[in-house]
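Each chain is listed here by its residues.
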Amino acid sequence: MTVATPSAAENLYRYRAENGVLVVDFHVPVEYADNGYEVLDANGVVLSVVPSAMTPEERAKIALSRELEEDAKSEQQRLQNWDESLLLRYSTIADIEDARDRSLSDLKIRVSILKSNRRSLRQQVENAQARVAATERSGVEPLPVDLENIKLLKREIDSTDDKIAAREAQISEMTALYQRDIERFEQLQDVVRLRHQMETPSQ
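None of these values were measured; they are calculated from a predicted model.

Here we come to the nonpolar core. Counting 9 residues, the largest nonpolar core consists of Leu86, Tyr90, Ile93, Ile96, Ala99, Tyr178, Ile182, Phe185 and Leu188. Looking at this core, the elements with two or more residues in it are helix H3 (93-137) and helix H4 (144-199). It is H4 that contributes the most residues to this core, 4 residues altogether. Leave out the neighbours within four places in its chain, and Ala99 touches Tyr90 and Tyr178. Core analysis: the next-biggest nonpolar cluster, separate from the first, contains 8 residues, Tyr13, Tyr15, Tyr32 and Tyr37 among them.

Quick look at the packing of aromatic side chains now. Considering all chains together, one arrives at 2 aromatic pairs under this definition. On the numbers, 6.0 Å between centres and 70° between planes, the contact of Tyr13 with Tyr37 is edge-to-face. You can see Tyr13 sitting in strand E2 (residues 12-16) and its partner Tyr37 sitting in strand E5 (residues 37-40), a full 24 residues away along the chain. Using a relative accessible area of 5% as the deciding quantity, one classes Tyr13 as buried. Aromatic side chains Tyr15 and Tyr32 sit 5.7 Å apart centroid to centroid with 20° between the ring planes, which places their arrangement in the stacked category. Here Tyr15, found in strand E2, pairs with Tyr32, found in helix H1 (residues 30-33); they are 17 residues apart in sequence, far enough to count as distant. The buried category is assigned to Tyr15, whose relative accessible area is 6%.

On the surface, Glu97, Asp98, Glu183 and Glu186 cluster together to form a negatively charged patch. Breaking the negative patch down by element, the ones donating at least two residues are H3 and H4. Looking at the secondary structure, you find Glu186 in helix H4. Glu186 sits in the partly exposed class, given a relative accessible area of 37%.

Parameters at a glance
Residues numbered from 1 in each chain as written. Predicted model: local features only at pLDDT ≥ 70, side-chain atom pairs only at ≥ 80, totals over all residues. Heavy atoms only, no water. Core = buried A, V, L, I, M, F, W, Y, C linked by side-chain atoms within 4.5 Å. Buried < 20%, exposed > 50% of the residue type's maximum accessible area, 1.4 Å probe, protein only. Helix = DSSP H or I, 4+ residues; strand = E, 2+ residues; numbered from the N terminus. Contact = heavy atoms within 4.5 Å. Phe/Tyr/Trp six-rings, centres within 6.5 Å; stacked < 30°, edge-to-face > 60°. Patch = residues over 30% accessible without salt bridge, like charges linked within 9 Å, V, L, I, M, F, W, Y side chains within 5 Å. Areas by Shrake-Rupley, 256 points an atom, 1.4 Å probe, with all protein chains shown as cover. Salt bridge = Lys/Arg side-chain N within 4 Å of Asp/Glu carboxyl O. Lys, Arg positive; Asp, Glu negative; His and termini not counted. Charge placed at Lys NZ, Arg CZ, Asp CG, Glu CD.

Structure below.
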């Protein structure tokens, strides 16, 4: 099997054979085609060059390069969207801090309510346990309803603990998000100030 077409049968082909020997022929043996070759006219003038086939390593490098390029474009677009959103919503750092404080205030109120509920539940458990202990000291079996009530109250306390932990994690996450907004907004302000300095003619 050789590399050639009827319409180009009059062309010559220059390729490297074994041991790098340069060969000019009317066709390129298939075993050498992947090494690349030149297409010549009857006078030996190069008409075109067919590059060598890429190795798996070269293809992997190209694929990685394209992936990194796409990642860079995505990151650039993300930053652009972020910047536009910040500039649209806020005029100063104080605006961001006010928005943060309003958002955190609502979450902190919810945490405070949950903690108050937990204290109430714990008090109910202590009262129920005290009744059970007093009953046992009198030599009487505690009522099943009291024992079951203690179990229910403890499960509700555990559920409340989970809700408190979730709300506190949300507060930490929101605080970090607003802090990133503040730092990014400061960077944008620095850029604006630098541009203003560059555009303002020196006296």
